[in-house]
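Each chain, written out:
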Amino acid sequence: MNDLPLSEPSLLARDEGYWQRVASRYDIEPGPINLEYGYFGRMTRTVAEHYQAHIAAINRAGSLPVRQHFEQVGSLEIHAAVAELLQVPVNTVALTQSTSASMLSLIRNYNGLRPGDQVLISDLEYDSVKHAMRWLAHNRGVEVIEIRHPHPATFDNLLDSYRQAFERYPRLKLMALTYVTHRTGLVMPVQAIAACARAQGVEVMLDGAHALGLVDFTLDQSGVDFAAFNLQKWIGAPLSLGVLYIAEARLQAIDPDMSEANYRGDDIRSRAPCGTPNIPAWMTLPTVFAEHRAMGGAAVKGARLSYLRDLWVEQVRPLPGIEVMTPDDPRLYCGITSFRFTRHPDQAAMARRLLDEHNLFTVAPEGSACGPCIRVTPGFTTTPDDLQALVRALHELA
Ligand SMILES: Cc1ncc(COP(=O)(O)O)c(C=O)c1O
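Let us look at the structure shown here. Residue positions are counted from 1 within each chain, in the order its sequence is given. Since the coordinates come from a predicted model, pLDDT governs what is reported: local features require at least 70, and pairs of side-chain atoms require 80 or more to be given and counted, while whole-chain, interface and lining totals use all residues. As a rule here, side-chain values cover all heavy atoms of the structure and leave hydrogens and water aside.

## What to know about the site of the ligand
We define proximity as follows: a residue is near a molecule or strand when any one of its heavy atoms falls within 4 Å of that partner. What surrounds the ligand is a group of 13 residues, the closest being T99, S100, D207, N230 and K233. Residue D207 places a side-chain N or O atom 2.6 Å away from a nitrogen atom belonging to the ligand. In the complex, the protein chains occlude 88% of the 390 Å² of accessible area that the ligand would expose alone. Of the residues that constitute the shell around the ligand, the class distribution is 3 nonpolar, 8 polar and 2 charged. We call two N or O atoms a polar contact when they sit within 3.5 Å, provided that within protein one can donate a hydrogen and the other can accept it, with sequence-adjacent residues counted only if both atoms are side-chain atoms. A 1.4 Å probe and the Shrake-Rupley method give the accessible areas. Residues count as covered only by the protein chains that appear here. Ten residues, namely Ala, Val, Leu, Ile, Met, Phe, Trp, Tyr, Cys and Pro, are considered nonpolar, four, namely Asp, Glu, Lys and Arg, are considered charged, and the remaining ones, Gly among them, are considered polar.

In structure tokens, the structure reads:
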């Protein structure tokens, strides 16, 4: 893996020899073909070994080194490594337990809302984010505006859908925006939407659960001031790690956590929910980031998964009986893509048939406003043959 050739990500994406070497770095239980890497990714063997070693070391040593080293120095170094990964200043990131924890802190503690203001969500947001925004109605006296995005989505109609909402609801103050929706894998034109929102005085809270490690972006370019991520999907970290991002100039727009007593008001860590962290998982992060970079980072990982996605989508999009829900505009898709069987009403039942009859593990998430679907998410050990098996199954079942 240290032999990363100097190559365009799109060339590397189709270099099977390279991906076989990547695959050899993971331990994989034999079983059904996993096309549900959207839940969480695997750790490489090296990461898993380091994680286990940190668990054993902390368990042997107890709290003394945690108090004396980890709390004083180690955790600060880890925050600096997270900031480097995101290419942002260290005082803009705090570690949390998940994207959800970060998003909920942002939504709950945003202090810019007044009764009568409006907040915006769309049908593509994650359910916990929708619920948290609706919670604001009861607790801040705001009105929740819920929009449905057009289907099929295009760059322009997505942007228009927000433009129309901004025009129609002039008291909008805050909106949630999902970078990559877990429902269909649609990638939102974040930069364009954020610019439009900013021009209307609407603040954006970005749910980047699926974006980090899969989409090649910088927060600086995206133009959002508040964002949430996790590290277990596409970065390859142990479970239970999330990131909270607040632009330096906007820290005071988010109140400290309700239980906060440890950090000063100008320290972003005061904005994260309190509690004992998964210390061995945090300590593994430098290894995780080294592995992520050795694979080529988000540019190469994202290119590989989009390439694998194209392999199956190109073959099944024309099939009668199959509707691919995610567009082919390269700005709007990534490795995750959903489809539905148009002649079968129950997509969850079809996902079960894919597993029982074809050994293919997918998931049927609650659909967006455009209806129920089946989500296919390859990972870094997925092969073109695995996707041919999917294509054969869809031919047979459609
Ligand atoms: C769009 C989106 N937001 C939030 C989450 C929740 O992420 P976490 O498990 O890190 O809280 C997910 C998880 O799949 C997701 O897809």
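Okay, back to it.
## Topic: the pattern of salt bridges
Note on definitions: salt bridges are taken to be side-chain nitrogens of Lys or Arg within 4 Å of carboxyl oxygens of Asp or Glu. Applying the stated criterion across every chain, the model contains 20 salt bridges. In this structure, D266 engages R264 in a salt bridge whose closest nitrogen and oxygen atoms are separated by 2.5 Å. Overall, the relative accessible area of 45% leaves D266 in the partly exposed class. In this structure, the salt-bridge partner of R331 is D329, at a minimum N-O distance of 2.8 Å. Think of it in three bands: residues with accessible area under 20% of the maximum for their type are buried, residues over 50% are exposed, and the middle band is partly exposed, with areas taken using a 1.4 Å probe on protein chains only. For R331, a relative accessible area of 48% gives the class partly exposed. Each of the salt bridges in this network shares a partner with another, and the network as a whole consists of R198, E203, D225 and R250.

## What to know about the nonpolar core
Residues belong to a common nonpolar core when they are buried Ala, Val, Leu, Ile, Met, Phe, Trp, Tyr or Cys residues joined through side-chain atoms within 4.5 Å. Ranked by internal contacts, the top residues of the largest apolar core, which has 105 residues, are M175, L231, L285, W312, F339 and L394. The contact rule is simple, with two residues in contact once any of their heavy atoms fall within 4.5 Å. For L394, the residues in contact, after removing those within four places along its chain, are W312, V316, L319, I322, F339, F341 and L354. In terms of nonpolar packing, the next biggest core, distinct from the first, is built from 25 residues, I121, M133, L251 and A253 among them.

## Quick word on the packing of aromatic side chains
Each aromatic pair joins two rings of Phe, Tyr and Trp (for Trp, the six-membered one) with centres within 6.5 Å, and gets the label stacked for planes under 30 degrees apart, edge-to-face for over 60, and tilted for any other angle. For the coordinates displayed, the defined rule picks out 11 aromatic pairs. For the pair W19 and F380, a centre-to-centre distance of 6.4 Å together with 20° between the ring planes defines the contact as stacked. Residue W19 is located in helix α2 (residues 16–23), and its partner F380 is located in the loop between β12 (374–376) and α13 (384–397); the two are separated by 361 residues in the primary sequence. Note on W19: relative accessible area 3%, which makes it buried. An aromatic cluster is present here, built from Y18, W19, W234 and F380 joined pairwise through their rings. Distance and angle both matter: a charge sits over a ring if NZ of Lys or CZ of Arg is within 6 Å of the ring centre and within 35 degrees of the ring normal. Here the guanidinium or amino end of R309 rests over the ring plane of Y333, the centre of that ring lying 3.7 Å away. Just above the ring of F155 sits the side chain of R331; from NZ or CZ to the centre is 4.1 Å. For helices the rule is a DSSP run of H or I covering at least 4 residues; for strands it is a run of E covering at least 2, with both sets numbered from the N terminus onward.

## Here's the deal with unusual backbone geometry
The omega torsion across H151 and P152 is 0°, close enough to zero to call that bond cis. In this structure, P152 sits in the loop between β4 (143–147) and α7 (155–168). Despite not being glycine, S240 has its phi angle at roughly 90°, a positive value. Note on placement: S240 falls in the loop between β7 (226–230) and β8 (242–246).

## Things to note about the sheet that holds strand β9 (residues 322–324)
Here, a strand pair is defined by DSSP locating no fewer than two bridges between the strands. Here we have 3 strands laid out as an open sheet, ordered β9-β10-β12, and antiparallel in their pairing. With partners counted over all chains shown, the strands left at the sheet margins are β9 and β12, one partner each. Put simply, the sheet's adjacent strands are angled 30° from each other on average, direction ignored. In the sheet, β9 pairs with strand β10 (residues 337–341) via 3 bridges, with the strands oriented antiparallel. In the sheet register, V324 faces β10, and the bridge partner there is F339. A fitted line through C-alpha atoms represents every axis, and for helices the fit uses only the stretch in contact; the resulting angles, taken between N-to-C directions, go from 0 to 180 degrees. Contacts from helix α11 (residues 297–316) reach β9, β10 and β12, with the element oriented near 25° to β10.

## Comments concerning the pairing of β8
Of all the 5 residues making up β8, 5 are buried; the element is thus mostly covered by neighbouring parts of the structure. Residues G242, L244 and I246 of β8 are buried on one face, and the alternating residues V243 and Y245, pointing to the opposite face, are buried as well. Bridge analysis of strand β2 (residues 93–96) against β8 gives 4 bridges, and the strand direction is antiparallel. Within the sheet, the bridge partner assigned to A94 lies in β8 and is L244. Here 5 bridges tie β7 to β8, and the two strands are oriented antiparallel to one another. Residue pairing for β8: A227 is matched across the bridge by Y245.

## Notes on the side chain of R304
When you line up the elements, R304 lands in helix α11. Contacts of R304, omitting those with residues within four sequence positions, involve A13, R14, E16, W19, T382 and P384.

## A word on helix α3 (residues 45–61)
Compared with the 24 Å implied by 1.5 Å per residue over 17 residues, the 24 Å span of α3 between its first and last C-alpha is a close match. Along α3, the residues that are buried comprise V47, Y51 and I58. Relative to the axis of α3, the buried residues are bounded by an arc of 35° and lie together on one face. Summarising the geometry of α3, the exposed residues directed more than 90 degrees from the buried face are Q52 and R60. Packed against the buried residues of α3 are α4 (63–86) and α10 (279–294). Under the convention used throughout, the expected extent of a helix is 1.5 Å for every residue step, that is, one less than its residue count. Picture the helix axis, draw a direction to every C-beta atom, and the arc is the one those directions span.

## Comments concerning the sheet that holds β7
What holds strands together in a sheet is hydrogen bonding between their backbones, with the strands either parallel or antiparallel. An order of β2-β8-β7-β6-β5-β3-β4 is seen for the 7 strands of this open sheet, with the pairing classed as mixed. Only two strands of the sheet have a single neighbouring strand rather than two, namely β2 and β4. Direction aside, the axes of adjacent strands within the sheet are offset by 20° on average.

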